[in-house]
Amino acid sequence: MKSRDKKLIVGGVIIALIIAVLAPFLASPNPDGLESTAEKVMPNPETEPVIKSPLPDYTIPGLGKEGEVLSLVLGTIIVLIIAYGISVALKTGK
């Protein structure tokens, strides 16, 4: 991998983590979009999910804003690790 590519990847990871840290403080407390559409479309939006989310509502219960930041940073890191693993698997498969 070229040095330029490594710098681009590191820069992208840093930007993703900065967004993950700032998102809980910049997000609207009254979101629209998906939640309001689900309430309109679903006959009973209060049904229990089949699988419980490990981090419901993008937070770690009991930690407040710190829990939101931590869950977003963890999610970002997990997605980046999965994407890296897939890219390595595809690269070695050639």
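Remember, predicted model here, so these are calculated numbers, not experimental data.

Analysis parameters
- Residues numbered from 1 in each chain as written.
- Predicted model: local features only at pLDDT ≥ 70, side-chain atom pairs only at ≥ 80, totals over all residues.
- Heavy atoms only, no water.
- Patch = residues over 30% accessible without salt bridge, like charges linked within 9 Å, V, L, I, M, F, W, Y side chains within 5 Å.
- Areas by Shrake-Rupley, 256 points an atom, 1.4 Å probe, with all protein chains shown as cover.
- Salt bridge = Lys/Arg side-chain N within 4 Å of Asp/Glu carboxyl O.
- Helix = DSSP H or I, 4+ residues; strand = E, 2+ residues; numbered from the N terminus.
- Buried < 20%, exposed > 50% of the residue type's maximum accessible area, 1.4 Å probe, protein only.
- Axes fitted to C-alpha atoms, helices over the stretch in contact; angles between N-to-C directions.
- Parallel < 35°, antiparallel > 145°, perpendicular 65-115°, else oblique.
- Left-handed = near helix turned anticlockwise from the far one by under 90°.
- Contact = heavy atoms within 4.5 Å.
- Nonpolar A, V, L, I, M, F, W, Y, C, P; charged D, E, K, R; others polar.

1. Notes on a nonpolar patch on the surface
Then, number 1: Taken together, the side chains of V10, I14, I18, V21, L22, F25 and L26 define a hydrophobic patch exposed on the protein surface, amounting to about 670 Å² of accessible area.
Then, number 2: With respect to the helices and strands, I14 occurs in helix α1 (residues 3–26).
Then, number 3: I14 gets classed as partly exposed once you look at its relative accessible area, which sits at 46%.

2. So, the packing of α1 against helix α3 (residues 64–92)
Then, number 1: Direction vectors running N to C along α1 and α3 enclose 155°, while the axes themselves pass 8 Å from each other. As summarised for this structure, α1 and α3 are arranged roughly antiparallel, according to the angle between their axes. The two elements α1 and α3 meet at a crossing, and its hand is right-handed. The segment α1 lies against α3, with V13, A16, L17, A20, V21, A23, P24 and F25 engaging K65, E68, V69, L72, V73, T76, I77 and L80.
Then, number 2: Split by residue class, the contact of α1 with α3 holds 13 nonpolar, one polar and two charged.

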